[in-house]
Number of protein chains: 2
Amino acid sequence: MRSVRDALDLLGGKWKLAIIVSLLEGPKRFKQLQRDVTGITAKMLSKELKELEVNGLLSRSVQADVAPVAVTYTLAPYGDTLLPVIDALHHWGSQHRMNIMHPQEAVAAKTEVSEPVAA
Amino acid sequence: MRSVRDALDLLGGKWKLAIIVSLLEGPKRFKQLQRDVTGITAKMLSKELKELEVNGLLSRSVQADVAPVAVTYTLAPYGDTLLPVIDALHHWGSQHRMNIMHPQEAVAAKTEVSEPVAA
DNA sequence: CTGTATCCATGGAGATACTG
DNA sequence: CAGTATCTCCATGGATACAG
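Residues numbered from 1 in each chain as written. Chains lettered and ligands numbered in written order. Predicted model: local features only at pLDDT ≥ 70, side-chain atom pairs only at ≥ 80, totals over all residues. Heavy atoms only, no water.

Per an unreviewed UniProt entry, chain A carries the name Helix-turn-helix transcriptional regulator and comes from Hymenobacter volaticus.

Pasting the structure below:
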């Protein structure tokens, strides 16, 4: 259970997963991420990136020798290990949506339906 | 990404997973759950249980014909479908802990270490 | 561009007391 | 036992302005 909480604390926020998923496409810069992750503010993005960096999921590299300084965020190779987690969440999430919206279709095979659905 | 968020919204709270994990052992009553899930207050437990019920993950049954009414919470069969998710989180969570505490051991196989660890 | 600092609204969540 | 109601504190997070 403790491991589960660790993972959840790290990924459970509102933005972390979105950022990671975005970075799965490749390295991005700050502004680019802010465009990708719809709705996030600079403050939040900055904070989240810091946390992800501390946790070793991504690395931050500064290129100071260009006009307006350029900062690039790259998902650590280790960040890829999150794929199974993301996949599990994705899989279950879509299943769940079906269960809530169309319970009889979704679980028809495994539960006893008192009356078959007419339509 | 939307499915991922759905799953996260449902499981991301502070207590939901703990409650579910506890209920994996079998049906429990309110007080029993409150003892199991360390630190949770009655208010939170009540709220979380309600949400989980709405989402169809557990069912609530009242036995009114006993002295102090007895309420039992049972994980829906569908709740078992969360096992892969829990497992993925657990697996990654424990891996992550290692990566943070002992980076060289954990990723030694897949990253180029500039200098082999002496010890 | 890449952030940080400040202000502020909202809601999450604990403590406590109370009800059926 | 199984909750609900109320009060309150505090963290999260948005908006905005500012800085390197």
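K.L.:
I'm lost on the nonpolar core in this one. Help?
P.N.:
Grouped burial of nonpolar side chains is what soluble globular proteins tend to show. Grouped together as the largest cluster of nonpolar side chains are 60 residues, with contacts concentrated most on Ile19(A) and Ile19(B). If we skip the residues at most four places from it in the chain, Ile19(B) touches Leu33(B), Val37(B), Ile40(B), Leu45(B), Glu48(B), Leu49(B) and Leu52(B). (Core = buried A, V, L, I, M, F, W, Y, C linked by side-chain atoms within 4.5 Å. Buried < 20%, exposed > 50% of the residue type's maximum accessible area, 1.4 Å probe, protein only. Contact = heavy atoms within 4.5 Å.)

K.L.:
Mind showing me how you'd approach the relation of the copies chain A and chain B here?
P.N.:
Relating the two copies of this chain is a rotation about some axis coupled with a shift parallel to it. For the pair chain A and chain B, the relating rotation is 180°, the translation along its axis is 0.0 Å, and the fit reaches an RMSD of 0.1 Å. What the rotation and shift describe, once combined, is the action of a two-fold rotation axis. Of every C-alpha in chain A, the one belonging to Gly12(A) sits nearest the axis of rotation, 2.6 Å from it. When you check the interface residues of chain A against chain B, 97% turn up at the interface there too, and the contact is symmetric in its surfaces. (Least-squares fit on C-alpha atoms with pLDDT ≥ 70 in both.)

K.L.:
Even after reading the chapter, I still don't get the packing of aromatic side chains, so can you show me in this structure?
P.N.:
Think of a pair of aromatic rings as described by two things: how far the centres are apart, and how the planes are tilted against each other in angle. Inspection of every chain in the model, using the stated rule, returns 2 aromatic pairs over all chains. The interplanar angle of 5° and the centroid separation of 6.0 Å between the aromatic rings of Tyr78(A) and Trp92(B) together place this pair among those described as stacked. Here Trp92(B) lies in helix H5 (residues 83-101) and Tyr78(A) lies in the loop between strand S3 (70-75) and helix H5 (83-101), a pairing that spans two chains. Take Tyr78(A) and Trp92(B): they sit in the same class, and that class is buried. (Phe/Tyr/Trp six-rings, centres within 6.5 Å; stacked < 30°, edge-to-face > 60°. Helix = DSSP H or I, 4+ residues; strand = E, 2+ residues; numbered from the N terminus.)

K.L.:
Can you walk me through the pattern of salt bridges in this structure?
P.N.:
For side chains bearing opposite charge, pairing can occur when the charged atoms are close. For the structure on display, the rule yields 12 salt bridges over all chains. Its salt-bridge partner being Lys28(B), residue Asp36(B) comes within 2.6 Å of it at the nearest N-O pair. Each of Lys16(A), Glu48(A) and Glu51(A) takes part in a single network of salt bridges with overlapping partners. (Salt bridge = Lys/Arg side-chain N within 4 Å of Asp/Glu carboxyl O.)

K.L.:
Where do I start with the protein's contact with DNA strand D in this structure?
P.N.:
Among the 17 residues in the neighbourhood of DNA strand D, the closest are listed as Lys43(A), Arg29(B), Ser46(B), Arg60(B) and Tyr73(B). The contact atoms of DNA strand D, taken as those within 4 Å of the protein, divide so that sugar and phosphate hold 74%. Val71(B) places a main-chain nitrogen or oxygen 3.5 Å from a phosphate oxygen of DNA strand D. Measuring from a phosphate oxygen of DNA strand D, one finds a side-chain N or O atom of Tyr73(B) at 2.5 Å. At the level of secondary structure, the elements contributing two or more residues to the surface near DNA strand D comprise helix H4 (42-54) of chain A together with helix H3 (30-36), helix H4 (42-54) and strand S3 (70-75) of chain B. Taken together, the residues of the surface near DNA strand D sort by class into 7 nonpolar, 2 polar and 8 charged. (Near = heavy atom within 4 Å. Polar contact = N/O pair within 3.5 Å; in protein donor to acceptor, adjacent residues only side chain to side chain. Nonpolar A, V, L, I, M, F, W, Y, C, P; charged D, E, K, R; others polar.)

K.L.:
Explain the protein's contact with DNA strand C here, please?
P.N.:
What surrounds DNA strand C is a group of 16 residues, the closest being Arg29(A), Ser46(A), Arg60(A), Tyr73(A) and Lys43(B). Of all atoms in DNA strand C that approach within 4 Å of the protein, 74% are sugar or phosphate atoms. Within the contact set of DNA strand C, a phosphate oxygen lies 3.0 Å away from a side-chain nitrogen or oxygen of Lys50(A). Here Lys43(B) contributes a side-chain N or O atom positioned 2.3 Å from a base oxygen of DNA strand C. Taken together, the elements giving at least two residues each to the surface near DNA strand C come down to helix H3 (30-36), H4 and S3 of chain A together with H4 of chain B. The biggest single contributor to the surface near DNA strand C is H4(A), with 3 residues. Looking at the surface near DNA strand C, its residues break down into 7 nonpolar, 2 polar and 7 charged.

K.L.:
Would you explain the sheet that holds S3(A) in this entry?
P.N.:
Two strands in a sheet stick together by hydrogen bonds in their backbones, pointing the same way (parallel) or opposite ways (antiparallel). Residues and elements named next belong to chain A. On the basis of which strands lie adjacent, the open sheet formed by 3 strands has the order S1-S3-S2 and antiparallel pairing. Looking at the sheet topology across the chains shown, the edges are occupied by strand S1 (28-29) and strand S2 (58-63). Note: S2 against S3, 6 bridges, orientation antiparallel. By the bridge assignment, valine 62 is partnered in S3 with valine 71. On top of the sheet, helix H2 (residues 16-24) reaches S1, S2 and S3; it is set at about 95° to S3, its chief contact. (Pairing = 2+ DSSP bridges. Axes fitted to C-alpha atoms, helices over the stretch in contact; angles between N-to-C directions.)

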